[in-house]
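These are the residues of each chain, in order.
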Amino acid sequence: MTDSHIPLPERLRPRDLSEIMGQDHLLGEQAPFRQMIDQGHLPSIIFWGPPGVGKTTLALLLAQAVDRPFISLSALNTGVKELREVIADSGDLLTPVVFIDEIHRFNKSQQDALLGAVEKGKITLIGATTENPSFEVNNALLSRCQVYTLNALDEIALQQLLQKATEQDRFLQDRQLFIDEYDALIQFSGGDARKALNLLDLVASTFEPEQENHINNALVVKVAQQNIAKYDKNGEQHYDLVSAFIKSIRGSDPDAALYWMARMLKGGEDPVFIARRMLIAASEDIGNSNPNALLLAGECFRSVQAIGMPEGRIILGQCAVYLATSAKSNSTYLAINKAMALAEKTAELPVPLHLRNAPTKMMKQQGYGVDYLYPHDYPEHFVKQDYLPPELKDSKIYESARNKREVEGEKLQQRRWQQES
């Protein structure tokens, strides 16, 4: 393959950590990776971030910086047998860095196969994932790795990257490219460096060499709309389609919800990802207006994990229709956000004495638990007493939404708390 046929992202792949853009929080002067390299130490790591932000390149360059062998694997085509062979062969090497792309696609047995080697230091694991490691990586493996988040590239970093490409890539130089407008290139890339460079390469391919060529927004839009793939489950449309899906559920439109779900499934989206998004929507957008929504979404999540596709589509469709046609409320979502913000501001406030646990005689003598009123000793299992610190007395965090279930609960609360003590 000639250099001109190598994709632009590969031709421009960083050869040194200083060339990586958009990750200063990890690679700046006092940032974690700089300190690791200075000490010659590299722990096992999970990189979490969107596509095209440099996870693979960063892993390779970190291994090179500490003079370690680098072994690259993909979770898509690596089984337990292959993992054990790699681990066995690593005995002859200086603690190799084993990079596993899309580690979230490993099942439990595959992840477990890594545990002993990581714990004993036979390998240094670097896993890359676009999914939340808390959900996709088992706790035993997660506890043995440091998790670092890589950010999507911002507009400044993307513009610098595109400008660097026109200045340093000789095949783009042959076409005498000048980028007059960056907006469309940046917008279509969605923070993905790989997508930005591929699009630039695509636009450049429409030009004739050896004459001055200018790129503007209109041209980029025209080329992009003609050539960008219909669905990239690791790219921009992944986020756009799931956004449309969730907003259709929130907007009580079952037809649109089913359509966007079908688009994702047809594009090869992980059905478990779709089920997880509905689990979140059941609490965030429906909440206590219909608590059964969370139960159904939870069962949908478990069932899809157990059954898989194609039958899983039936369960996903049932859940989507139920959520879309359910009553809606975001009252508890707003309330927990308000509570978190209040807790952050008032973390120094002590727990009132009557609410404290008093397992020892000394604590009881100090007043722990004294004057606490046990609600079950009172009519209707309720008695008025203060549960917040005095400084927050009468603070209102939860506000019910205007739906039947929450209104009934609000009336009961009002009757309880307005009664005479």
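Every value quoted in this text rests on a predicted model; they were computed, and no experiment measured them.

**Student:** Whenever I open this one, the overall build of the protein confuses me. Can you help?
**Tutor:** Of regular secondary structure, the protein possesses 21 helices and seven strands. For the protein, whose C-alpha radius of gyration is 27 Å, the value lies well above the compact-globule estimate of 22 Å for 421 residues. With respect to the three principal axes, the spread of C-alpha positions in the protein is 90 × 55 × 45 Å. By the burial criterion, 42% of the 421 residues in the protein qualify as buried. Contacts spanning at least 24 positions in sequence make up 72% of the contacts within the protein whose residues lie at least 6 apart. Of the roughly 23,600 Å² of accessible surface on the protein, 51% is carried by carbon and sulfur atoms. Placing the 44 positive and 55 negative side-chain charges of the protein at their respective mean positions leaves the two points 8 Å apart.

**Student:** Can you walk me through unusual backbone geometry in this structure?
**Tutor:** Negative phi is the rule for most residues except glycine; trans is the rule for most peptide bonds. In this structure, Pro-310 follows Met-309 across a cis peptide bond, with omega equal to 10°. Not every positive phi belongs to a glycine, and Asp-67 is a case in point at roughly 60°. Inspection of the secondary structure assignment puts Asp-67 in the loop between helix H4 (55-65) and strand S2 (70-74). Exposure remark for Asp-67: the relative accessible area of 61% places this residue in the exposed category. Unlike most non-glycine residues, Glu-102 shows phi in positive territory, near 55°. Among the secondary structure elements, Glu-102 is positioned in the loop between strand S3 (97-101) and helix H6 (108-119).

**Student:** For this particular structure, what's the right way to read the packing of aromatic side chains?
**Tutor:** The geometry of an aromatic ring pair comes down to the distance between the two centres and the angle between the two planes. Per the stated rule, a full pass over the model turns up four aromatic pairs. Taking 6.1 Å as the distance between ring centres and 25° as the angle between the ring planes, the aromatic pair formed by Phe-70 and Phe-99 counts as stacked. With a gap of 29 residues between them, Phe-70 in strand S2 and Phe-99 in strand S3 connect regions that are remote in the sequence. The exposure class assigned to Phe-70 is partly exposed, which follows from its relative accessible area of 27%. Since its relative accessible area comes to 1%, Phe-99 is described here as buried. Feature note: the residues Phe-33, Phe-47 and Tyr-148 constitute an aromatic cluster, connected by ring pairs.

**Student:** Where do I start with the sheet that holds strand S5 (residues 146-149) in this structure?
**Tutor:** In any sheet, the strands associate via hydrogen bonds between backbone groups, in a parallel or an antiparallel arrangement. Pairing is parallel across the open sheet formed by five strands, whose spatial order is S2-S3-S4-S1-S5. The sheet is open, and its two edges are formed by S2 and S5, each paired on a single side. Neighbouring strand axes in the sheet, compared pairwise and without regard to direction, differ in orientation by 20° on average. Where S3 and strand S4 (residues 124-129) come together, five bridges link them in parallel fashion. Pairing of Val-97 across the sheet is with Thr-124, part of S4.

**Student:** I'm lost on helix H9 (residues 155-168) in this one. Help?
**Tutor:** Helical geometry note: an α-helix holds 3.6 residues per turn, so side chains three or four residues apart project in the same direction. Counted at 1.5 Å a residue, the expected span for H9 with its 14 residues is 20 Å, and the 20 Å between its end C-alpha atoms agrees. Among all positions in H9, only Ala-157, Leu-158, Leu-161, Leu-162, Lys-164, Ala-165 and Thr-166 are buried. Next to the buried residues of H9 lie helix H1 (8-11), helix H10 (170-174), strand S6 (177-179), helix H11 (183-189) and helix H12 (193-204). Backbone nitrogen of Ile-156 and a side-chain oxygen of the N-cap are separated by 3.3 Å at the start of H9; the cap is Asp-154.

**Student:** Help me understand the layout of surface pockets, please; the structure alone is not making it clear to me.
**Tutor:** By rolling a water-sized probe across the atoms, one finds the places where empty space is left. Roughly 750 Å³ of internal volume is contained in the second largest pocket. For the second largest pocket, the lining is made up of 22 residues, of which Ser-395, Lys-396, Tyr-398, Gln-413 and Trp-417 are closest to its centre.

**Student:** Would you mind showing me how to read a nonpolar patch on the surface here?
**Tutor:** On the surface, Tyr-372, Tyr-374, Tyr-387 and Trp-417 cluster together into a nonpolar patch covering about 410 Å² of accessible area. One can find Trp-417 in helix H21 (residues 404-418). Trp-417 gets classed as partly exposed once you look at its relative accessible area, which sits at 35%.

**Student:** Would you mind showing me how to read the pairing of S4 here?
**Tutor:** Counting buried residues along S4, six of its six residues qualify, which places the element largely inside the surrounding structure. The alternating pattern of S4 places Thr-124, Ile-126 and Ala-128 on one face and Leu-125, Gly-127 and Thr-129 on the opposite face, and all of these are buried. Bridge analysis of strand S1 (residues 45-48) against S4 gives four bridges, and the strand direction is parallel. Across the sheet, Phe-47 pairs through a bridge with Ala-128, a residue of S4. You can see the chain leave S3, run along H6 and come back into S4, and the turn it takes is right-handed.

What counts and how
- Residue positions within a chain follow its written sequence, with the count starting from 1.
- Where local features are concerned, this predicted model is filtered to residues with pLDDT of at least 70; where side-chain atom pairs are given and counted, the filter is 80 or more; whole-chain, interface and lining totals use all residues.
- Based on all heavy atoms of the structure, the side-chain values leave hydrogens and waters out of the count.
- We count a stretch as a helix when DSSP gives it H or I for four or more residues in a row; a strand needs E for two or more, and each element gets its number in order from the N terminus.
- Our radius of gyration looks at C-alpha atoms and nothing else; its globule reference is 2.2 Å times the residue count to the power 0.38.
- Per-residue accessibility, obtained with a 1.4 Å probe over protein chains only, is compared with the maximum for each type, and a residue is labelled buried under 20%, exposed over 50%, and partly exposed between these values.
- Every residue pair with non-hydrogen atoms within 4.5 Å of one another is taken to be in contact.
- Per-residue and other accessible areas were derived by the Shrake-Rupley procedure at a 1.4 Å probe size, with only the shown protein chains allowed to occlude residues.
- Neither His nor the chain termini are counted; the positive set is Lys and Arg, and the negative set is Asp and Glu.
- All charge positions are set by atom: Lys at NZ, Arg at CZ, Asp at CG, Glu at CD.
- When two rings of Phe, Tyr or Trp (its six-membered ring) have centres within 6.5 Å they constitute a pair, described as stacked for plane angles under 30 degrees, edge-to-face for angles over 60, and tilted for the intermediate range.
- The pairing criterion for strands is at least two bridges between them, as found by DSSP.
- Every angle, taken between N-to-C directions, lies between 0 and 180 degrees, and every axis is a line fitted to C-alpha atoms, over only the stretch in contact when it is a helix.
- Here a helix's expected span is defined as the number of its residues, less one, multiplied by 1.5 Å.
- Think of a polar contact as two N or O atoms within 3.5 Å of one another; within protein, one of them needs to be a possible hydrogen donor and the other a possible acceptor, and neighboring residues in sequence only count if both atoms come from side chains.
- Here the term cavity refers to a set of points on a 1 Å grid, laid over the protein atoms alone, in which a 1.4 Å probe fits but cannot get out; the term pocket refers to an open set having protein on both sides within 12 Å along at least five of seven lines, with lining residues being those that place an atom within 4 Å of a point.
- Grid points are joined across faces, edges and corners, and a volume is the space filled by probe spheres set on the points.
- Here, patches come from residues exposed beyond 30% relative accessible area and free of salt bridges, joined within 9 Å for like charges and within 5 Å for nonpolar side chains (Val, Leu, Ile, Met, Phe, Trp, Tyr).
- Put simply, a salt bridge is a Lys or Arg side-chain nitrogen that is within 4 Å of an Asp or Glu carboxyl oxygen.
- Whether a crossover is right-handed comes down to one check: with the strands pointing away from the viewer, does the path from the first strand over the helix to the second run clockwise; if it does, it is right-handed.

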